[in-house]
Amino acid sequence: MRRRALFGPAAVAATDPLWTRTAFAADNAIVKPLPPENFTVLGTNAEMRWDSPEPVGDIVPASRFFVHNHTATPRLDARTWRLSIVGDGLRGGPDTVTYDDLLRLPSQTRVEAIECAGNGRAFFTSQQGQAVEGTAWRLGGIGVARWRGVPLSVLLHRAGITRDAVDVLPEGLDDDYVTGGVNLGRVRRPLPVHKALDDVLVAYEMNGEPLPPDHGFPARLVVPGWIGIANIKWLGRIEVSRSPLRSPWNTEYYRLYGPDHPADGQLITRQNTKSAFELPWGATLEAGRDHVLRGRSWSGTGGVSRVEVSTDDGRTWRRASFVGSGRGWQRWTVRWRPGPGEHVLLARAVDRHGVGQPEAEPYNTQGYLFGAVVRHPVSAW
Ligand SMILES: Nc1nc2c(c(=O)[nH]1)N[C@H]1C(S)=C(S)[C@@H](COP(=O)(O)O)O[C@H]1N2
Ligand SMILES: [Mo]
């Protein structure tokens, strides 16, 4: 029997009973609709599907952008919203920023990725046989958008940051995060002053519209190249400090623990390099004819310089052709004429410092930063 490639909505509808169902995140944590052809719901989070019948371009629309919520999206009112900037790292007293202040201050627009540090976590288990803690994202815990906002440096200077300030601690207005019966307080993670004053935005627009509730309305941080947790949503408070700051999100979470890492864990900041095929997992392709495989690669270390693809389980590799603007991530294509049978597709990127993707990722207990080459199964008939 010859089966056709599963690309159109009709093909998906025929094979996927979820097609007509509406999905909801646990505890209704997410406000926007999560149609199952575009999202996989994981608890209070939603992962973008790479095999959606409607592929995304360089910019991911807000309706398609993944969501990582520790608790639930709060509904905030821009008229009463305030951002307070406080701490011993300020020359005067605390400062308060309103939504109107934000709209009036000088703004910048940047195309940037936001990616969960746990993106790819599922492959520690499925590919390396290792049990890890946390949400089992595949590769859809990333999105790229056009963010507009006020540089954090402008707000910190306006608030009178001192020259000896070392850390800032942005905090969200979502509910306290309670896990295992322990209240860890509001979601917050220290950011060193050198990064805070460099390229960080307090964003109030996503793709030319006010931020949607799920992505941080009225204002969130956008921290280029850094792990998702740095990009605090629903920003309500920033502490500026002359001594190093701590929160569970830099002392317990978002550190690498395990045999290959220091006993007190290794703090993580930047994202690594990854690659994904825009194909269903286990896609069925027509054998004996040319296919254009699409995919993309990205890196928190400042861009992708080369991508290679193997269609024979890593024996031979060839260069993929770059398409699109390359902003945020690098889209690519490669031609392939499969013979009948089961195949494994591999893609590996090299970042602009010449660092590539390994065959295996050293284990860490919480499954962060899976950067190894992902083995994508397909069959051809
Ligand atoms: N206040 C707050 N900010 C937050 C989070 C959160 O739960 N609360 N989750 C963080 C994590 S872990 C990630 S990966 C990104 C996800 O951003 P997105 O939901 O807009 O895609 O937001 C970060 N900012
Ligand atoms: Mo995340």
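Rules used in this analysis
Residues numbered from 1 in each chain as written. Chains lettered and ligands numbered in written order. Predicted model: local features only at pLDDT ≥ 70, side-chain atom pairs only at ≥ 80, totals over all residues. Heavy atoms only, no water. Near = heavy atom within 4 Å. Polar contact = N/O pair within 3.5 Å; in protein donor to acceptor, adjacent residues only side chain to side chain. Areas by Shrake-Rupley, 256 points an atom, 1.4 Å probe, with all protein chains shown as cover. Nonpolar A, V, L, I, M, F, W, Y, C, P; charged D, E, K, R; others polar. Domains from an automatic or database assignment. Buried area = accessible area lost by both parts, 1.4 Å probe. Salt bridge = Lys/Arg side-chain N within 4 Å of Asp/Glu carboxyl O. Helix = DSSP H or I, 4+ residues; strand = E, 2+ residues; numbered from the N terminus. Pairing = 2+ DSSP bridges. Contact = heavy atoms within 4.5 Å. Axes fitted to C-alpha atoms, helices over the stretch in contact; angles between N-to-C directions. Buried < 20%, exposed > 50% of the residue type's maximum accessible area, 1.4 Å probe, protein only.

Taken together, 19 residues surround ligand 1, and among them Phe66, Asp174, His215, Arg220 and Lys233 come closest. Within the backbone of His68, one N or O atom sits 3.0 Å away from an oxygen atom of ligand 1. Interatomic distance of 2.7 Å between a side-chain N/O atom of His215 and an oxygen atom of ligand 1. The fraction of the free accessible surface of ligand 1 (530 Å²) that becomes covered by protein chains is 100%. Per-class residue counts for the shell around ligand 1 are nine nonpolar, seven polar and three charged.

All right, on to the domain arrangement of the protein chain then. Partitioning the protein chain into structural domains gives domain 1 (2-253) and domain 2 (273-380). Between the C-alpha centres of domain 1 and domain 2 there is a distance of 26 Å. Taking both sides of the interface into account, the surface hidden between domain 1 and domain 2 amounts to around 3400 Å²; carbon and sulfur atoms contribute 58%. By the criterion of area lost to domain 2, the three top residues of domain 1 are Trp50, Asp58 and Phe124, representing 20% of everything that side buries. Between domain 1 and domain 2 we count two salt bridges in total. A salt bridge links Glu115 to Lys274, with the nearest nitrogen and oxygen atoms 2.8 Å apart. Between domain 1 and domain 2 we count 15 residue pairs in polar contact (both at pLDDT 80 or more) in total. When residues of the side of domain 1 that touches domain 2 are assigned to their parent elements, the largest contribution, four residues, is made by helix 3 (residues 122-128). Among the residues forming the side of domain 1 that touches domain 2, the class breakdown is 20 nonpolar, nine polar and ten charged.

Further remarks concern the sheet that holds strand 21 (residues 318-319). Judged by pairing direction, the sheet is mixed, and its five strands sit side by side in the order 18-25-24-20-21 without closing on themselves. At either end of the open sheet lies a strand with only one pairing partner, and these are strand 18 (283-285) and strand 21. In the sheet, strand 24 (residues 341-351) pairs with strand 25 (residues 376-380) via five bridges, with the strands oriented antiparallel. Bridging from a neighbouring strand, His343 pairs with Val378 of strand 25.

Mapped onto the elements, Glu239 comes out in strand 14 (residues 235-241). As a C-alpha pair, Glu239 and Gly89 span 150 residues in sequence and 8.1 Å in three-dimensional space. Discounting chain neighbours no more than four positions away, the residues touching Glu239 are Val86, Gly87, Asp167, Val168, Leu169 and Leu245.

Taken together, the four strands give an open sheet; going across it, the order is 17-19-23-22, and neighbouring strands pair in antiparallel fashion. Lying at the two open borders of the sheet, with one neighbouring strand each, are strand 17 (273-277) and strand 22 (321-323). For this sheet, the mean angle separating the axes of adjacent strands, direction not counted, is 30°. Where strand 22 lies against strand 23 (residues 330-336), three bridges are found, and the strand directions are antiparallel. When the bridges of strand 23 are listed, Ser321 appears paired with Thr333.

Below, the discussion takes up the pairing of strand 6 (residues 142-151). Of all ten residues in strand 6, eight are buried, a share of seventy percent or more. Pairing geometry for strand 5 (residues 108-115) and strand 6, over eight bridges, is antiparallel. Bridging from a neighbouring strand, Glu112 pairs with Ala145 of strand 6. Summarising the sheet, strand 6 and strand 11 (residues 201-206) pair through five bridges and their orientation is antiparallel. Bridging across to strand 11, Arg148 finds its partner in Glu205.

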